[in-house]
Amino acid sequence: MTTSISTGAAGAIDLETRYGAHNYDPLPVVLCEGQGVWVSDVEGRRYFDALSAYSALNLGHRHPQLVRAAGEQLERLTLTSRAFHNDQLGPFCLELAEFCGADRVLPMNTGAEAVETAIKLARKWGYERKGVTAERAEIVVCAGNFHGRTTTIVGFSDDPLARSGFGPFGPGFVTVPYGDGDALRAAIGPDTVAFLVEPIQGEAGVIVPPDGYLGAARAICDETETLLVADEIQSGLGRSGRRFASDHEGVQPDLYLLGKALGGGILPLSAVAGRDEVLGVLRPGEHGSTFGGNPLACAVGREVLRLLADGRVIEESAELGARAAARLRSAGHPAVREVRQRGLWLGIELVPGAPSAREASKRLMERGVLAKDTHETTLRLAPPLTVTVEELDWALERLESVLTELV
Ligand SMILES: *Cc1c(COP(=O)(O)O)cnc(C)c1O
């Protein structure tokens, strides 16, 4: 029996529905092209991308310099495995270490792998350097966290959707309320090796912690010989209006976890960057990844860092974000309870009882803006940092007309 491949948007959606696993519930739009902040669907409609693949596209779709860097590397060498050296990995590690103010870098592919790597590093560091009793290491995490989808990681999520049905989960994690320094201090004991935290919680709805929280966390970690592990996979590389969200409080974590935008929206590239004392606990054979540190990803990652290096894109995006938040707040839309913002990253909290954020996303799509709801009542806006003021205004006008008709 042959299967006919139907065409058009309905055909593509039908195939995905019939042959793909249903682990996502995408908006009914089928994209086939992208450039900058714009994407087009198979029926020729154009949309403003206000999600940027959860900030993996901080530099927009197919940034010419990133496409060029990838193309040049495609012509030379794409994969070696770590059984051999390649000429891109060393420079990538140097450049990312300098970007982060770190000593060493360990490249992986997805964000979840960077988180897993940090968990392993922290535990081993705890046993070998801090003297924690074997098999007893504890890591403190925050309520409302999102760190990825592996079984270890969903084991310390408090989102029932992410965890139910996937246990049993391993021990070794303690949850504290997000933004509460006293709770953090109280949770740290002799077996604690690390505090794993998102400096801004993205998936939870762009939750910005109270002023002083990150600084307090840094001080508490210093006093208790605990590693501060900042998951900057979504908040880093410019999304919050600074290089890292930790910069808002002048905090240098022991480990930075990076991913998403590090791969330029072209391929998966993640990394752990941090102190020699921590990354130095790994010896050959103890951790790895077939694709981690591949020359193609490293070449793209190097170009991403080059594009962010002078800070101009980040500064301009911060201004645009502040302007957008001020505009939305001053309009006083009855459907909007709160606008949270850091850099070009906005969480628009809808009033309870208004149509869901999902419904708002659908209406936005019909008007040519692609955004994503998170947690029922939050619309998250995270356009590419390279957006122009005119493009952003275009999208905000459409957003405002949707907000106006919600209540
Ligand atoms: C997306 C995300 C991850 C997981 O990254 P994947 O590449 O999807 O595995 C981890 N932490 C945070 C904060 C994220 O936003």
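Residues numbered from 1 in each chain as written. Predicted model: local features only at pLDDT ≥ 70, side-chain atom pairs only at ≥ 80, totals over all residues. Heavy atoms only, no water.

Helix and strand content of the chain: 14 helices and 15 strands. In terms of overall size, the chain behaves like a compact globule, its C-alpha atoms giving a radius of gyration of 21 Å where 407 residues would be expected to give roughly 22 Å. Seen through its C-alpha atoms, the chain measures out along the principal axes to roughly 60 × 50 × 50 Å. Within the chain, contacts between residues separated by at least 24 positions form 71% of all contacts whose residues are at least 6 apart in sequence. By element, 53% of the accessible surface of the chain is carried by carbon and sulfur atoms, the whole surface being about 18,000 Å². (Helix = DSSP H or I, 4+ residues; strand = E, 2+ residues; numbered from the N terminus. Rg over C-alpha atoms; globule rule 2.2 N^0.38 Å. Contact = heavy atoms within 4.5 Å. Areas by Shrake-Rupley, 256 points an atom, 1.4 Å probe, with all protein chains shown as cover.)

Contact geometry for helix α12 (residues 312-331) and helix α14 (residues 389-406): axes closest at 11 Å, N-to-C directions at 25°. Comparing their axes, α14 and α12 come out roughly parallel. The way α12 lies across α14 gives a crossing that is right-handed. Contact with α12, carried on its side by Leu-320, Arg-323, Ala-324, Arg-327, Leu-328 and Ala-331, involves Val-389, Leu-392, Asp-393, Leu-396, Glu-397, Leu-399, Glu-400 and Leu-403 of α14 and no other residues of that element. For the contact of α12 with α14, the class distribution of residues is nine nonpolar, no polar and five charged. (Axes fitted to C-alpha atoms, helices over the stretch in contact; angles between N-to-C directions. Parallel < 35°, antiparallel > 145°, perpendicular 65-115°, else oblique. Left-handed = near helix turned anticlockwise from the far one by under 90°. Nonpolar A, V, L, I, M, F, W, Y, C, P; charged D, E, K, R; others polar.)

Moving on: the nonpolar core. Formed by 63 residues in total, the largest nonpolar core has its most connected members in Phe-48, Leu-96, Leu-262 and Leu-399. A total of eight residues in this core trace back to one element, the largest contributor, which is helix α11 (residues 295-308). When residues are assigned to domains, this core turns out to be shared by domain 1 (8-58 + 313-405) and domain 2 (64-308), each giving three or more. Dropping the residues within four chain positions of it, Leu-399 is found in contact with Leu-328, Ile-348, Leu-364, Leu-379 and Leu-381. Counting residues in each nonpolar core, the second largest holds 29 residues, with Ile-119, Ile-153, Ala-194 and Leu-257 among its members. (Core = buried A, V, L, I, M, F, W, Y, C linked by side-chain atoms within 4.5 Å. Buried < 20%, exposed > 50% of the residue type's maximum accessible area, 1.4 Å probe, protein only. Domains from an automatic or database assignment.)

Before going further, it helps to examine the site of the ligand. By nearness alone, every residue bordering the ligand is listed as Thr-110, Gly-111, Ala-112, Phe-146, His-147, Gly-148, Glu-198, Asp-231, Ile-233, Gln-234 and Lys-260. Between Gly-111 and the ligand, the recorded distance is 2.8 Å, taken from a backbone N or O atom to an oxygen atom. The separation between an oxygen atom of the ligand and a polar side-chain atom of Gln-234 is 2.8 Å. Here the ligand, which alone exposes 380 Å², has 81% of that area covered by the protein. A class-by-class count of the residues in the shell around the ligand yields three nonpolar, five polar and three charged. (Near = heavy atom within 4 Å. Polar contact = N/O pair within 3.5 Å; in protein donor to acceptor, adjacent residues only side chain to side chain.)

We now examine unusual backbone geometry. Put simply, Gly-167 and Pro-168 share a cis peptide bond, and its omega is 5°. With respect to the helices and strands, the residue Pro-168 is situated in the loop between α7 (160-163) and β6 (173-176). You will see that Val-206, though not glycine, has its phi angle at about 55°, which is positive. Even without being a glycine, Glu-376 presents a positive backbone phi close to 70°. Tracing the chain through its elements places Glu-376 in the loop between β14 (372-374) and β15 (378-381).

Looking now at the sheet that holds strand β11 (residues 336-341). The strand order β11-β12-β15-β14 describes an open sheet built from four strands, whose pairing is antiparallel. Taken across any chain shown, the strands that pair with only one partner, and hence form the sheet edges, are β11 and β14. Strand-to-strand twist in this sheet, taken as the mean axis angle between neighbours without regard to direction, amounts to 25°. Sheet topology note: the β14/β15 ladder contains three bridges and is antiparallel. Within β15, the residue paired with Thr-374 across the bridge is Thr-378. Sheet strands touched by helix α13 (residues 357-366): β12 (346-350), β14 and β15. Its angle to β15, the strand with the most contacts, is close to 45°. (Pairing = 2+ DSSP bridges.)

Moving on to the state of the cysteines. This structure, assessed with the given rule, holds zero disulfides. Of all cysteine sulfurs, the one in Cys-93 lies closest to Cys-100, which takes part in no disulfide; the gap is 11 Å. (Disulfide = S-S within 2.5 Å.)

Each domain of the chain was delimited in the assignment, giving domain 1 (8-58 + 313-405) and domain 2 (64-308). On a C-alpha basis, the centroid separation for the pair domain 1 and domain 2 is 26 Å. The partner domain 2 presents 27 residues to the 26 residues of domain 1 that form the contact. Around 2,100 Å² of area is buried between domain 1 and domain 2 when both sides are counted, 59% of it from carbon and sulfur atoms. Contact with domain 2 buries surface across domain 1, with Ile-314, Arg-342 and Trp-345 losing the most and accounting together for 39% of the total. At the junction of domain 1 with domain 2, the criterion picks out two salt bridges. Of the charged contacts in the structure, one is a salt bridge between Glu-203 and Arg-380, with a shortest N-O distance of 2.7 Å. The interface formed by domain 1 and domain 2 contains 14 residue pairs in polar contact (both at pLDDT 80 or more). (Buried area = accessible area lost by both parts, 1.4 Å probe. Salt bridge = Lys/Arg side-chain N within 4 Å of Asp/Glu carboxyl O.)

Take the packing of aromatic side chains next. Tallying each qualifying case throughout the model produces six aromatic pairs. Taking 5.2 Å as the distance between ring centres and 75° as the angle between the ring planes, the aromatic pair formed by Trp-38 and Trp-394 counts as edge-to-face. On the criterion of sequence distance, the pair formed by Trp-38 in strand β2 (residues 38-41) and Trp-394 in helix α14 is long-range, its members being 356 residues apart. Exposure remark for Trp-38: the relative accessible area of 14% places this residue in the buried category. Trp-394 sits in the partly exposed class, given a relative accessible area of 27%. Aromatic pair Tyr-178 and Tyr-213: ring centres 5.7 Å apart, planes at 75°, arrangement edge-to-face. Residue Tyr-178 is located in the loop between β6 and α8 (181-187), and its partner Tyr-213 is located in helix α9 (residues 213-223); the two are separated by 35 residues in the primary sequence. (Phe/Tyr/Trp six-rings, centres within 6.5 Å; stacked < 30°, edge-to-face > 60°.)

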